[in-house]
Amino acid sequence: YMIYGLVAFTAFVYIMFPYDQLRQRLIERMSPDYVEVNIASISPTFFPGLALHNIQVAIRQTNASLEVLRLQTLRAWPQWRSLFSPTKHLTFSGTLYDGQISGDVRYTVRDGIPYWESLAGFENLDVSRHALLQEMQQNQKLTVEGRLSGEAHTRLTTSGELEQTEIKFKMKPAILT
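Owing to the predicted nature of the structure, the values given are computational and were not obtained by experimental measurement.

Which residues make up the overall build of the protein, and what are the values?
Secondary structure summary: the protein contains three helices and eight strands in total. By principal-axis analysis of the C-alpha atoms, the protein measures approximately 70 × 40 × 35 Å. Every one of the 177 residues in the protein was classed for burial, and the buried ones make up 30%. Restricting to contacts in the protein with at least 6 residues of sequence separation, those with at least 24 account for 39%. Distance between charge centroids for the protein: 5 Å, based on 17 positive and 17 negative side chains.

How would you explain the nonpolar core if you had to name every residue and give the values?
Counting 24 residues, the largest nonpolar core has Ile39, Ile55, Phe92 and Ile101 as the members making the most contacts within it. Broken down by secondary-structure element, the contributors of at least two residues to this core are α2 (19-30), β1 (35-44), β2 (50-60), β3 (65-78), β4 (88-96), β5 (99-110), β6 (113-126) and β7 (144-157). Beyond its immediate sequence surroundings of up to four residues, isoleucine 55 is in contact with Asn38, Ile39, Leu69, Arg70, Leu71 and Leu74.

Explain a nonpolar patch on the surface to me, and be specific about the residues and the numbers.
A cluster of nonpolar residues, Phe9, Phe12, Val13, Ile15, Met16 and Phe17, forms a patch on the protein surface that exposes about 640 Å² of accessible area. Within the fold, methionine 16 resides in helix α1 (residues 2-16).

Can you break down unusual backbone geometry residue by residue, with the values?
In this structure, asparagine 54 is a non-glycine residue whose phi angle is positive, near 50°. As for its placement among the helices and strands, asparagine 54 is situated in strand β2. You will see that asparagine 124, though not glycine, has its phi angle at about 60°, which is positive. Along the chain, asparagine 124 falls in strand β6. When its relative accessible area of 34% is taken as the criterion, asparagine 124 is described as partly exposed.

Tell me about α1, and please be specific about residues and values.
Relative to the 21 Å expected for 15 residues at 1.5 Å per residue, α1 spans 21 Å between its end C-alpha atoms, a close match to the ideal helical length. Counting buried positions over the 15 residues of α1 gives zero, only a small fraction of the element.

Rules used throughout
- Residues numbered from 1 in each chain as written.
- Predicted model: local features only at pLDDT ≥ 70, side-chain atom pairs only at ≥ 80, totals over all residues.
- Heavy atoms only, no water.
- Helix = DSSP H or I, 4+ residues; strand = E, 2+ residues; numbered from the N terminus.
- Buried < 20%, exposed > 50% of the residue type's maximum accessible area, 1.4 Å probe, protein only.
- Contact = heavy atoms within 4.5 Å.
- Lys, Arg positive; Asp, Glu negative; His and termini not counted.
- Charge placed at Lys NZ, Arg CZ, Asp CG, Glu CD.
- Core = buried A, V, L, I, M, F, W, Y, C linked by side-chain atoms within 4.5 Å.
- Patch = residues over 30% accessible without salt bridge, like charges linked within 9 Å, V, L, I, M, F, W, Y side chains within 5 Å.
- Areas by Shrake-Rupley, 256 points an atom, 1.4 Å probe, with all protein chains shown as cover.
- Salt bridge = Lys/Arg side-chain N within 4 Å of Asp/Glu carboxyl O.
- Expected span 1.5 Å × (residues − 1).

Laid out in structure tokens, this is it:
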């Protein structure tokens, strides 16, 4: 009976979890004054984790918002040992511009200052799918085609300020006109 109860409780929590409220909370927390984040939906992934669908990140401007990132899907799951330590560790993977992105995010404190650190690898991104490049192509200012791979290491303060970043790019057949 104990195993049955545990399975039933897990299934109940898994199905009845308030994903819409979590989506709204994530949008609020990830959208400081100058950044706008939108997440179409959140669903569970096989044990345990979350899948976020159609994520848009834009910079707020006076007239309109400039989209800087659009992820088709992002799956994230915690590293179990980190749940019981001061340093939180999250692993993610997803689809970005018809390519793949994956990496780790850590919440840590250094010298009394809390930081978000991330290391992300990306492969085979179709750069022509980026909103800014599409807009420039429509206005016949610039055409960029090709595939982008590389990695990015960033560190942000909890207030959203970029503390440190290192990005390495590798462009596969590129066309600039």
